[in-house]
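Observations on the three-dimensional arrangement
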Amino acid sequence: MYASSMSLDHLRRHAVARSLFAPTTLPKALQRLGFVQADPLRAPAFAQDLTLRHRVAGYRAGDLLASYPQLDVEEDFFVNYGFVPRDVHHLMHPRTARSVWPAHRMQQAAEVLAFVRERGVVRPAEVDAHFDHGTVSNWFGGRSRASTQLLDGMHYRGLLRVARREGGQRLYAVREHQPTALSPDAAVDALVDVIVAKYAPLPAASLGQLVGLLLGGGVPQCRGQRQAILQRARARLCTAVLEGVTWLWPDGENPASGRYAVDEQVRLLAPFDPVVWDRRRFELLWGWPYRFEAYTPAAKRVRGHYALPLLWRDQVIAWANLSVKGDVLTPNVGFVASAPREKAFGVALDEELQRMTVFLGLRA
């Protein structure tokens with residue numbers, strides 16, 4: 001427990017400075033982040049690319065997928081779907097899925113596994129052409145290839161891994177089992193520490209939410225242990241209570257330390273960037289509700305289809321929807337109150353838009 005001199009200003013600077021570390025290499029950034037959430041929407045780039053561009057020197061849209069086969073990283077479920085370092089990936093497996101496959105499905109999986117092992121790397125169309133599993137109902141009420149759904153299930157269960165993508169489509173290879181030396185409790189505690197290191201400082205309720213997501217996706221085999229996992233986590237984390245909210249962060253960090261200084265940059269953040277991902281924390285730190293509205297009917301949107309929170313110093317004061325027309329980036333910026341009048345803000349905003357232009361490979 002820290003002294004009552006801790007303030008929201010300290011926590012805000014801590015949240016920004018510890019997450020927006022000095023740009024480094026792609027492997028080092030992925031290891032430090034521990035998890036990068038992926039999203040299929042590209043507006044104007046994928047969320048994973050928008051997250052990494054702030055943290056990887058010279059990063060360009062598409063670099064993650066282009067480099068993926070050479071990286072020590074896996075596509076997998078964690079608290080959501082995305083990219084995790086391989087050492088984090090191994091801590092979640094062997095994974096026991098929520099649903100048990102019937103015998104005929106297990107037989108299909110065994111046959112597909114042998115097929116993939118023989119071929120090395122396969123496309124879903126190859127599996128479908130060889131086995132002709134037919135179609136099944138999908139989440140959207142339509143019909144999908146049964147082979148595609150089977151491959152998804154095999155990937156989730158840790159039988160297959162994503163070897164690479166071509167045109168956005170996942171290509172699969174056999175995942176070889178990699179045992180961990182950690183006990184089951186130590187493994188899940190290490191995963192919780194990845195969560196805290198990525199999203200701290202966290203309100204206690206947000207830690208509970210994230211652990212729930214981990215147990216629902218990353219390690220469903222541990223879902224009956226939620227309270228014990230949270231108790232162990234709270235025992236090893238630092239805490240402070242501000243205005244009735246309990247905050248937690250990794251041991252050894254002091255949010256009031258002067259080391260957590262923020263720079264003079266404007267940054268346009270992905271909706272799933274760790275600085276803004278936690279909507280509960282967002283409202284506590286910045287005083288207004290941010291919502292991701294891509295799946296909200298257009299007539300009900302408040303800030304736009306893919307509004308990117310705009311961070312200026314340690315304050316999120318605005319949002320921007322970006323579009324590309326021809327080869328030119330067009331921003332539409334809205335402010336929570338009014339735009340800062342100081343010249344430094346205008347200069348910093350222009351610099352951020354220029355960085356975004358280069359990142360997207362557009363005409364400067």
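From a predicted model like this one, the values you see are computed outputs, not experimental measurements. (Residues numbered from 1 in each chain as written. Predicted model: local features only at pLDDT ≥ 70, side-chain atom pairs only at ≥ 80, totals over all residues. Heavy atoms only, no water.)

A word on the overall build of the chain. Helices and strands together make up the secondary structure of the chain, namely 13 helices and 14 strands. Relative to the globule expectation of 21 Å for 364 residues, the C-alpha radius of gyration of the chain, 22 Å, shows essentially globular dimensions. In terms of overall dimensions, the chain has C-alpha extents of about 65 × 55 × 40 Å along its principal axes. Expressed as a percentage of contacts within the chain between residues at least 6 apart in sequence, the contacts between residues at least 24 apart total 62%. Total accessible area on the chain stands at roughly 16,800 Å², and carbon and sulfur atoms take up 53% of it. Computed over 45 positive and 35 negative side-chain charges, the inter-centroid distance for the chain is 3 Å. (Helix = DSSP H or I, 4+ residues; strand = E, 2+ residues; numbered from the N terminus. Rg over C-alpha atoms; globule rule 2.2 N^0.38 Å. Contact = heavy atoms within 4.5 Å. Areas by Shrake-Rupley, 256 points an atom, 1.4 Å probe, with all protein chains shown as cover. Lys, Arg positive; Asp, Glu negative; His and termini not counted. Charge placed at Lys NZ, Arg CZ, Asp CG, Glu CD.)

We now examine the packing of aromatic side chains. One pass over the structure, following the stated rule, counts 17 aromatic pairs. When the ring of Phe77 is compared with that of Tyr81, the centres are 5.1 Å apart and the planes differ by 70°; the resulting orientation is edge-to-face. The exposure class of Phe77 is partly exposed, given its relative accessible area of 30%. When the centroid spacing of 6.4 Å and the interplanar angle of 80° are considered together, the rings of Trp288 and Tyr290 count as edge-to-face. Summarising the burial analysis for this pair, Trp288 and Tyr290 share the class buried. Through a chain of ring-to-ring contacts, the aromatic side chains of Phe282, Trp286, Trp288, Tyr290 and Trp319 assemble into a single cluster. The aromatic ring of Tyr156 is capped on one face by Arg95, whose charged end is 4.5 Å from the ring centroid. Geometry around Trp319 places Arg303 over its ring, the cationic atom sitting 4.7 Å from the centre. (Phe/Tyr/Trp six-rings, centres within 6.5 Å; stacked < 30°, edge-to-face > 60°. Buried < 20%, exposed > 50% of the residue type's maximum accessible area, 1.4 Å probe, protein only. Lys NZ or Arg CZ within 6 Å of the ring centre and 35° of its normal.)

Following the sequence through the fold, Glu74 ends up in strand E2 (residues 73-77). Judged by relative accessible area, which is 4%, Glu74 ranks as buried. Polar contacts involving the side chain of Glu74 include one to the side chain of Arg86, which spans 2.9 Å. Within polar-contact distance, the side chain of Glu74 engages the side chain of Arg161 at 2.9 Å. In contact with Glu74, not counting residues within four places along its chain, are Tyr68, Gly82, Phe83, Val84, Arg86, His89, Arg161 and Val162. (Polar contact = N/O pair within 3.5 Å; in protein donor to acceptor, adjacent residues only side chain to side chain.)

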